[in-house]
Amino acid sequence: MNKTQIIVGLVALLITCLLAPIFFYAGPVPLTMQTLVLFTMAAVLGKRLGILIAAIYIILGAIGLPVFAAWQSGYEHLLGRTAGFLWAFPFVCYYIGWQVEIGEKTYIHTIIYFFRAHLILLISGAIVAYGNYGGELVDGIIRLLPGLLIKSGVGGLLSFWLIKKLPSKWTGASSIQQ
């Protein structure tokens, strides 16, 4: 990793830590910014920086910085109801960074990559949340789908736009198509 990538990665981590805790209520389930921000960073910066940013983000939240959704922190989140989501972040960030690097680079494909990443995260998170803590798995997944669709659309379009606008030495993807 060169100096530029390190600086870009640190700025991306800072942006992630500032924006990821924000959430909105859109029905019974809060719409968190975690996946939108983490997946956008991974899609734009690539799989290597994506997995690194996600791992450091989790560590910072676990040691007490209020970077998790709703400005929460603490290692107990890595063991509780949201553990499946949190532990999957680095792997899903790697996936979306890899997918953008090797896949078709159109805005519709970028939205599809975000949708797939959200589905992977949703499955791992829901299995832990509903499998270990009770509740209806299918009902839980259905309640999370509207947020997944919104963040997939916004994140896909935002990532597509950023990849087009940022210097190529900053991004993990290249040659965006119109």
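Residues numbered from 1 in each chain as written. Predicted model: local features only at pLDDT ≥ 70, side-chain atom pairs only at ≥ 80, totals over all residues. Heavy atoms only, no water.

Caption draft 1: Summary view of the overall build of the protein. Across its full length, the protein carries six helices and two strands. Moving toward the C terminus, one meets the helices and strands of the protein in the order α-β-β-α-α-α-α-α. Relative to the globule expectation of 16 Å for 178 residues, the C-alpha radius of gyration of the protein, 16 Å, shows essentially globular dimensions. Expressed as lengths along the three principal axes of its C-alpha atoms, the size of the protein is roughly 45 × 35 × 25 Å. For the protein, the residues scored as buried account for 47% of the 178 residues in total. In the protein, of all internal contacts separated by at least 6 residues, the share reaching a separation of at least 24 is 68%. Total accessible area computed for the protein in this model is approximately 9000 Å², and 71% of it derives from carbon and sulfur atoms. For the protein, the distance from the average site of its 11 positive side-chain charges to the average site of its 5 negative ones is 15 Å. (Helix = DSSP H or I, 4+ residues; strand = E, 2+ residues; numbered from the N terminus. Rg over C-alpha atoms; globule rule 2.2 N^0.38 Å. Buried < 20%, exposed > 50% of the residue type's maximum accessible area, 1.4 Å probe, protein only. Contact = heavy atoms within 4.5 Å. Areas by Shrake-Rupley, 256 points an atom, 1.4 Å probe, with all protein chains shown as cover. Lys, Arg positive; Asp, Glu negative; His and termini not counted. Charge placed at Lys NZ, Arg CZ, Asp CG, Glu CD.)

Caption draft 2: Spotlight on unusual backbone geometry. At A70, a residue that is not glycine, the phi angle is positive and equals roughly 60 degrees. Among the structural elements, A70 can be located in the loop between α3 (47-62) and α4 (83-102). Despite not being glycine, W71 shows a phi value in the positive range, around 55 degrees. Considering the arrangement of structural elements, one finds W71 in the loop between α3 and α4.

Caption draft 3: Here's a closer look at the nonpolar core. One finds L38, F39, I53, Y57, F89 and I96 to be the most contacted residues of the largest nonpolar core, which totals 44 residues. Every element with two or more residues in this core is listed here: α1 (3-19), α2 (34-45), α3, α4, α5 (107-133) and α6 (137-165). Beyond its immediate sequence surroundings of up to four residues, F39 is in contact with V92, C93, I96, F114, A117, H118 and L121. (Core = buried A, V, L, I, M, F, W, Y, C linked by side-chain atoms within 4.5 Å.)

Caption draft 4: Fine view of the side chain of S159. Tracing the sequence through the fold places S159 in helix α6. By relative accessible area, S159 is classed as buried at 0%. At 2.9 Å, the side chain of S159 forms a polar contact with the backbone oxygen of G155. Once residues within four sequence positions are removed from consideration, S159 is found in contact with T40, A43, V44, T110 and F114. (Polar contact = N/O pair within 3.5 Å; in protein donor to acceptor, adjacent residues only side chain to side chain.)

Caption draft 5: The packing of α1 against α3, seen in detail. As a packed pair, α1 and α3 sit with axes 10 Å apart at the nearest point and diverge in direction by 45 degrees. When the interaxial angle is binned, α1 and α3 end up oblique. Like other packed secondary-structure pairs, α1 and α3 cross with a definite hand, here right-handed. Mapping the contact onto sequence places Q5, G9, A12, L13, T16 and C17 in α1 and L49, I53, I56, Y57 and L60 in α3. (Axes fitted to C-alpha atoms, helices over the stretch in contact; angles between N-to-C directions. Parallel < 35°, antiparallel > 145°, perpendicular 65-115°, else oblique. Left-handed = near helix turned anticlockwise from the far one by under 90°.)

Caption draft 6: Spotlight on the pattern of salt bridges. Under the defined criterion, the tally for this structure stands at one salt bridge. The salt bridge involving E101 is made with K47; its shortest N-O contact spans 2.9 Å. One end of the pair, E101, is in helix α4; the other, K47, is in helix α3, and 54 residues separate them in sequence. Owing to a relative accessible area of 25%, E101 belongs among the partly exposed residues under this scheme. (Salt bridge = Lys/Arg side-chain N within 4 Å of Asp/Glu carboxyl O.)

Caption draft 7: Layout of α1. Between its first and last C-alpha atoms α1 spans 24 Å; for 17 residues at 1.5 Å apiece the expected length is 24 Å, and the two agree. The set of residues buried in α1 consists of V8, G9, A12, L13, T16 and C17. (Expected span 1.5 Å × (residues − 1).)

Caption draft 8: Highlighting the packing of α3 against α4. At their nearest, the axes of α3 and α4 sit 7 Å apart, and the two run at 165 degrees to each other. In terms of axis orientation, α3 runs roughly antiparallel to α4. Both α3 and α4 take part in a crossing whose hand is right-handed. Taking contact as the criterion, the partners of K47, G50, I51, A54, A55, Y57 and I58 in α3 are, on α4, L86, F89, P90, C93, Y94, G97, W98 and E101.

Caption draft 9: Structural context of the confidence of the model for the protein. Model confidence for the protein is summarised by a mean pLDDT of 90, while 94% of its residues fall at 70 or above. Across the protein, α3 holds the top mean pLDDT of 97, while strand β2 (residues 30-32) sits lowest at 86. (pLDDT = per-residue confidence, 0-100.)

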